[in-house]
Amino acid sequence: MNEASSLFDQQMMRRALALAEQAEALGEIPVGAVLVDAKGEVIGEGYNLSISHNDPTAHAEIVALRNGARQIANYRLLDCTLYVTLEPCTMCAGAILHSRIKRLVFGAADYKTGAVGSRFHFFDDYKMNHNVEVCGGVLTEECSAKLSAFFQKRREQKKQAKLAEQK
């Protein structure tokens, strides 16, 4: 995994963080994703919609990939970079592989289900038919803080609901 990031990477991660805020406003886990083509133009964006759409596949990465593929009218997203605020899970890593994304840039590591270095090493299998360049840790603190605050708030809401039930 390559840890080097550019100012452009940080700019796109901030855009992904803004999308994560939209997810949070809907009660979704705050994860956002931005898909950029070889010229640096945004061709797809997404944020988590699994809860509101009752769709277990509606992760930010999948939504951004779908939008990008529609935008360029091709399921192959060659020479594109995907920016996501949280390390992708195995489902999303599989979609990234099949879409032929050139580069993946993520913010926060996911030690429970992360598939590109934290928990699993999906792209490290030499038998894969495509190589994805991975850059992790871009704006890690901001990405991690957003998720931590969300889950802390959710735990507090559950605690308050439980107390209300006991009364």
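Worth saying up front: this structure is predicted, and the values here are computed from it rather than measured.

Some remarks on the overall build of the protein chain
No. 1: Within the protein chain, the secondary structure is distributed over 5 helices and 5 strands.
No. 2: Listing each helix as α and each strand as β along the protein chain from the N terminus yields α-β-β-α-α-β-α-β-β-α.
No. 3: Its C-alpha atoms give the protein chain principal-axis dimensions of roughly 60 × 30 × 30 Å.
No. 4: When each of the 167 residues of the protein chain is scored for burial, the buried share is 44%.
No. 5: A fraction of 60% describes how many contacts in the protein chain between residues 6 or more apart in sequence connect residues 24 or more apart.
No. 6: As presented, the protein chain carries roughly 9200 Å² of accessible surface, and 52% of it is formed by carbon and sulfur atoms.

Details of the UniProt feature "binding site: Zn(2+)" (unreviewed entry) in the protein chain
No. 1: Mapped onto the present numbering, the UniProt feature "binding site: Zn(2+)" (unreviewed entry) falls on His59, Cys89 and Cys92. With the annotated positions falling across 34 residues, the maximum pairwise C-alpha distance of 9.3 Å places them together in a single cluster.
No. 2: Residue position: His59 is located in the loop between helix H2 (50-53) and helix H3 (60-72).
No. 3: By relative accessible area, His59 is classed as partly exposed at 22%.

Let's talk about the environment of Arg14
No. 1: Positionally, Arg14 belongs in helix H1 (residues 7-25).
No. 2: The exposure class of Arg14 is partly exposed, given its relative accessible area of 46%.
No. 3: In the structure, Arg14 is positioned 69 residues away from Tyr83 in sequence and 9.6 Å away in space, judged by C-alpha atoms.

Topic: the sheet that holds strand S3 (residues 81-86)
No. 1: As summarised here, the arrangement of the 5 strands in space is S2-S1-S3-S4-S5, forming an open sheet in which the pairing is mixed. Two strands in the sheet have a free side with no partner beyond their single neighbour: strand S2 (42-47) and strand S5 (133-136). When the angles between neighbouring strand axes are averaged without regard to direction, this sheet yields 15°.
No. 2: Two strands pair when backbone bridges link them, and strand S1 (residues 32-36) and S2 are joined in this way by 5 bridges, in the antiparallel orientation. Directly across from Val34, in S2, lies its bridge partner Glu45.
No. 3: Strands in contact with H1 are S1, S2, S3 and strand S4 (103-108); relative to S1, the strand with the most contacts, it is inclined by about 135°.
No. 4: Packed on one face of the sheet, H3 meets S1, S2 and S3 and runs near 150° to S2.

About the thresholds
- Each chain carries its own residue numbering, running from 1 in the direction its sequence is written.
- Totals for whole chains, interfaces and linings use all residues, but because this is a predicted model, local features are given only for residues with pLDDT of at least 70 and pairs of side-chain atoms are given and counted only at 80 or more.
- Computation of side-chain values covers all heavy atoms of the structure but excludes hydrogens and water.
- Secondary structure elements are defined from DSSP: runs of H or I of at least 4 residues count as helices, runs of E of at least 2 residues count as strands, and each element is numbered from the N terminus.
- Buried residues are those whose accessible area, probed at 1.4 Å on protein chains only, stays under 20% of the maximum for their type, while exposed residues exceed 50% and partly exposed ones sit between those limits.
- Residue contacts follow a heavy-atom distance rule, with two residues in contact if any of their heavy atoms lie within 4.5 Å.
- For accessible areas, the Shrake-Rupley method is used with a probe of radius 1.4 Å. Any residue's cover is judged against the shown protein chains and nothing else.
- UniProt positions are given in the numbering used here, feature names are shortened, and annotations may be inferred rather than shown by experiment.
- Whether two strands pair comes down to DSSP finding at least two bridges between them.
- An axis is simply a line fitted to the C-alpha atoms; with a helix, the fit covers only the stretch in contact. Between two such axes, the angle follows the N-to-C directions and lies from 0 to 180 degrees.

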